[in-house]
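Each chain is listed here by its residues.
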Amino acid sequence: MNVRKAVIPVAGLGTRFLPATKAIPKEMLTVVDRPTIQYIVEEAVAAGIEQVIFVTSEGKSAIEDHFDYNYELETVLKEKNKDDLCEELCHISNLIDIVAVRQKKPLGLGHAIWTARKVVGNEPFAVLLGDDMVLSDPPCIRQMLELFDDVQESIIAVQRVPLDQTNQYGIVEGTKKRDRTFRVEHLFEKPAAGTTTSDMAIIGRYILQPDIFDILDDTEPGHGGEIQLTDALLSLAKKRSIYAYEFEGTRYDAGDKLGYLKAIIAFGLRHPVIGGEFQEHIKEVCKNL
Ligand code: UTP
């Protein structure tokens, strides 16, 4: 079965990025020339996804507005003969079909995904976290969809992390099946030091079978008092196969101050217009440190 829909949860509080995120959703913070959420939607589009389902909350309307038409602005730009800008805005509004559902309380990532169940229906779907940027070619979610075509089972994207940082991530233990692909045996949400020897950390890209919704129905709050997707995935792994996929590329946690700065540098250096000059500037700054 094809994956047509992508759930993008953006209902979190963004506390790691306060005070910047007090009145602005973290997904609307800019990396070079567009908000981080646009990169993520563009990744879904580039992978052939047909519909994006945002899981939003109070105070996040700027995200939906960003992908909507703004007739007033477009009219003014047309009057001023700023056709390029006008085209750019139309491109954003026409990117993809977007639906939004509300998570009424930030009860956790698992709960956010569950909130999208009626719009997703009974078909496999992708999940892209709204604050996780991945620089890769082909796009990370496309790499995962290629694997899904073959295995037709849920897939979690993972990256290797230093062992002393595993307590900051969801961690997967698994058996290698082929290049970059592991059959998931166990999952832990932010395990205490010494609980696992695995360094495979879950990042914000998943392909999920819809069985996950029934499991989430019964998943009790776990780490941090939140309904954890990792806990639901562990239950799913007991019923059917789940794969961990070590994607090719680099992931940036743009919901974290340092991760966000790293993303700006990585994406800025690759920008076709300003990348070269930016690189010269960084060299200069480093020379003077
Ligand atoms: P994070 O834990 O990274 O996001 O959740 P957060 O809660 O917004 O951030 P901090 O930790 O307070 O700084 C990962 C993703 O899941 C979404 C977030 O929006 C983010 O994209 N999420 C999290 C929800 O949609 N709802 C929730 O209840 C929790």
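The present account deals with the structure reproduced in this document. (Residues numbered from 1 in each chain as written. Predicted model: local features only at pLDDT ≥ 70, side-chain atom pairs only at ≥ 80, totals over all residues. Heavy atoms only, no water.)

### Quick look at helix H9 (residues 229-239)
- Taken together, the buried positions of H9 are Leu-229, Thr-230, Ala-232, Leu-233, Leu-234, Leu-236 and Ala-237.
- In this structure, the buried side of H9 is in contact with helix H5 (109-115), strand E8 (154-160), strand E10 (181-189), strand E11 (200-208), helix H8 (211-217) and strand E12 (242-246). (Buried < 20%, exposed > 50% of the residue type's maximum accessible area, 1.4 Å probe, protein only. Helix = DSSP H or I, 4+ residues; strand = E, 2+ residues; numbered from the N terminus. Contact = heavy atoms within 4.5 Å.)

### Notes on the packing of aromatic side chains
- Inspection of the entire model under this criterion finds six aromatic pairs.
- Seen in terms of ring centroids, Phe-17 and Tyr-260 are 5.3 Å apart; in terms of plane orientation they differ by 80°. Their pairing is edge-to-face. Note that Phe-17 is positioned in the loop between strand E1 (5-9) and strand E2 (30-31) and Tyr-260 in helix H10 (residues 257-269), a separation of 243 residues in sequence. Of the two residues examined, Phe-17 and Tyr-260, each falls in the buried class.
- Seen from their ring centres, Phe-54 and Phe-67 are 5.7 Å apart, and the 40° between their planes marks the pair as tilted. Of the two residues, Phe-54 is situated in strand E4 (residues 51-56) and Phe-67 in the loop between helix H2 (61-66) and helix H3 (71-79); the sequence distance between them amounts to 13 residues. Comparing Phe-54 with Phe-67 shows no difference in burial state: the two are buried.
- A cation over a ring is seen here: Arg-34 above Tyr-39, with NZ or CZ 5.3 Å from the ring centre.
- Between Arg-117 and the ring centre of Trp-114, over which it is positioned, the NZ or CZ distance is 3.6 Å. (Phe/Tyr/Trp six-rings, centres within 6.5 Å; stacked < 30°, edge-to-face > 60°. Lys NZ or Arg CZ within 6 Å of the ring centre and 35° of its normal.)

### Things to note about unusual backbone geometry
- Note the cis peptide between Leu-18 and Pro-19, where omega equals 5°.
- Relative to the helices and strands, Pro-19 resides in the loop between E1 and E2.
- Following Asp-137, the chain continues into Pro-138 via a peptide bond in cis, with omega recorded as 0°.
- In this fold, Pro-138 is placed in the loop between strand E7 (132-135) and helix H7 (140-151).
- Even without glycine at this site, Asn-81 takes up a positive phi of about 55°.

### Here's the deal with the site of the ligand
- Around the ligand sit 19 residues, and of these Gly-14, Thr-15, Arg-16, Gln-103 and Gly-108 come closest.
- One nitrogen or oxygen atom from the main chain of Gly-108 is found 2.8 Å from an oxygen atom belonging to the ligand.
- Note that an oxygen atom of the ligand is positioned 3.2 Å from one of the side-chain N or O atoms of Asp-131.
- For the ligand, the accessible surface in isolation is 560 Å², of which the surrounding protein chains cover 84%. (Near = heavy atom within 4 Å. Polar contact = N/O pair within 3.5 Å; in protein donor to acceptor, adjacent residues only side chain to side chain. Areas by Shrake-Rupley, 256 points an atom, 1.4 Å probe, with all protein chains shown as cover.)

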